[in-house]
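Working through the structure, step by step
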Amino acid sequence: MVTKRMTTIYVDQPNTELKVQSRQLQVFQQERFCFAVPLNRVSQMVILGQHPWFRRAINLALSLHIPVVYFDPNGNCIEYLNPAELESPKYLKVQMARSRDDQFVRNTAESLVRARLHNSRVLLCQLSDATRHARVDQVLNILQRLQDDLPMAPSLADLQNYAETAASFYHAALSRLLPDAFRIQNLGINPIGRLTNLGTALLSQRIQITLQSVGLDLDMGNLHLDATTRPSLVCDFLSEFGVQIVDTLVMNLLTTRLIHPDDFIWFDQGIFLQPTALELFIQHWDETLSTKVQHLYVGEASYQQCLEIQAQEYIACLLDEQNFYRPMLLKE
C-alpha cells in the first residue's frame, strides 16, 4: 500500500517507484501510476524498507530536500534530516542575539522543563485514575517537588539534571501502568522505550519541518545546548510535546492492547516490532497529529496546528512581544 496523508507520503510496499515530472512527485506501483503530489506540498516521507530499491527512494527524497524517516528491514528507525537551506533562516540574527541574553535563555529553558514536568504529572494522573498505584503516587509527589524547586536550580546544567531525574521516575511509573501481559511475558522487552523511539523520530521530523517553515534556525536552542543526535531547538520542542503526543499515543496503544507482547520480536541487534504492528503505529501516529485538543491559549486545534502555534509563540518571545515563552500544557 502507498498512501498520501496530509503532507506526508508513506511508502511500505515493494516494487514502488518515485518519479519527478512537471514539479510533481509521481508514485508508481508495479509500473502502474498511483498518484501525484505537487513537490511544494510534500513535507515528509516515511519509508518502510524491505528491498534495495528503497535506497533509491531515500536518495530521491533527499535530493528534493524532503526529510525522510526510514524503517529498515529489522525495524530500526533512521532519520534523514532536511539538508540545510541555502539562505540563512529569517530569525537567525535575532536568535543569535537572544542566545547572548542569559536571562532569556534561563527563562525559556526553565519554562520547557516546567512544561515537561507538568505534562508528565498530568499524563500519569490520567492513566492511573482508575487504579491508583502507591508507587505512582510517590512519583507524582516527586515530580511536583522537582517542579516547585525549578527556580532554585542555579544553572542550565542543573535544570537538565532536574529534567533527567524526573524522566527516570516518570518512565518507571509508566512501566507500572502497563497491562500484566507485558510483565508476565517479560523477556527483556521494553515496549515503552521501543515505541517512544519511533514516535520521537516521527515527531522530531515534524517539529523540524514546522520550525524551518517559519524561519527559525534549528541549532539555536536554549535548554539542549549540547544536543548531538538532533538539532538543539528541535530537542527543546520535543521536551514540550513529547509527553502529550508521543507518550500519550504509546500508552494508549499498549494499555488498550492494540499492540501486545507478541508484536515484539527478537533479532541479534535487539527487539523490534512486527511489520503489521509498525504499520498500525504509523496509522495511529498520523491520526494523532490530526486529533483536536484544547490549547490553553487559542482553544481547539489539532496537534499539528499546536506545533505551528507554539513556533509563533516562540517567535513572539524572541521579538520581545511577550515577556516569557508560554509552552503548551496538558489540561489538568
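Scroll up to find the structure.
Residues numbered from 1 in each chain as written. Predicted model: local features only at pLDDT ≥ 70, side-chain atom pairs only at ≥ 80, totals over all residues. Heavy atoms only, no water.

1. Observations regarding the overall build of the chain
Going by this rule: What counts as a helix is a DSSP run of H or I of at least four residues, what counts as a strand is a run of E of at least two, and both are numbered from the N terminus. Three labels apply to residues, based on accessible area from a 1.4 Å probe with only protein chains included: buried if under 20% of the type maximum, exposed if over 50%, partly exposed otherwise in between. Residues are treated as being in contact if the distance between any of their heavy atoms lies within 4.5 Å. Note that accessible areas follow from Shrake-Rupley with a 1.4 Å probe, and for residues the cover is restricted to the protein chains shown.
When you go through the chain residue by residue, the secondary structure sums to ten helices and twelve strands. Sorting the 332 residues of the chain into buried and exposed places 52% on the buried side. Of all intrachain contacts in the chain linking residues separated by at least 6 positions in sequence, the fraction that spans at least 24 positions is 63%. Surface summary for the chain: the accessible area is close to 15,900 Å², and the carbon and sulfur share equals 49%.

2. Examining the pairing of strand β2 (residues 8-11)
For clarity, the cut-off: Here, a strand pair is defined by DSSP locating no fewer than two bridges between the strands.
In β2, alternate side chains face the same way, and those of Thr8 and Tyr10 on one face and Ile9 and Val11 on the other are all buried. For β2 and strand β6 (residues 44-48), the ladder comprises four bridges, and the chain directions are parallel. Following the sheet pairing, Ile9 is matched in β6 by Met45.

3. Some remarks on a nonpolar patch on the surface
Basically, it comes down to this: Put simply, a patch holds well-exposed residues, over 30% relative accessible area, that have no salt bridge, with like charges counted together within 9 Å and Val, Leu, Ile, Met, Phe, Trp or Tyr side chains within 5 Å. Salt bridges are defined by distance alone: a side-chain nitrogen of Lys or Arg within 4 Å of a carboxyl oxygen of Asp or Glu.
A surface patch of nonpolar side chains, about 260 Å² in accessible area, is lined by Leu296, Tyr297 and Val298. Turning to its location among the elements, Tyr297 is positioned in the loop between β11 (292-295) and β12 (299-302). The class for Tyr297 is partly exposed, based on a relative accessible area of 30%.

4. Description of helix α7 (residues 191-213)
Heads up, the condition is: In this analysis, the expected span of each helix is defined as 1.5 Å times one less than the number of residues it contains.
Between its first and last C-alpha, α7 extends 33 Å over 23 residues, near the 33 Å set by a 1.5 Å rise per residue. Among the 23 residues in α7, 20 count as buried, and that is most of the element.

5. Here's the deal with the packing of α7 against helix α10 (residues 303-318)
Definition in use: Lines fitted to the C-alpha atoms define the axes, with helices restricted to the stretch that makes contact. Angles between their N-to-C directions range from 0 to 180 degrees. Just so you know how the angles are binned, under 35 degrees is roughly parallel, over 145 roughly antiparallel, 65 to 115 roughly perpendicular, and the rest oblique. By convention the crossing between two helices is left-handed if the near helix lies anticlockwise of the far one by an angle smaller than a right angle, and right-handed if it lies clockwise. Any residue outside Ala, Val, Leu, Ile, Met, Phe, Trp, Tyr, Cys, Pro, Asp, Glu, Lys and Arg is labelled polar, Gly included; the first ten of those are nonpolar and the last four are charged.
Close contact between α7 and α10 brings their axes to 10 Å; oriented N to C, the two are set at 50 degrees. In terms of orientation, α7 and α10 fall into the oblique class. Seen from above, α7 lies across α10 with right-handed handedness. Along its contact with α7, which presents Leu203, Arg206, Ile207, Thr210 and Leu211, the element α10 presents Gln304, Leu307, Glu308 and Ala311. Here the contact of α7 with α10 is built from residues that sort into five nonpolar, two polar and two charged.

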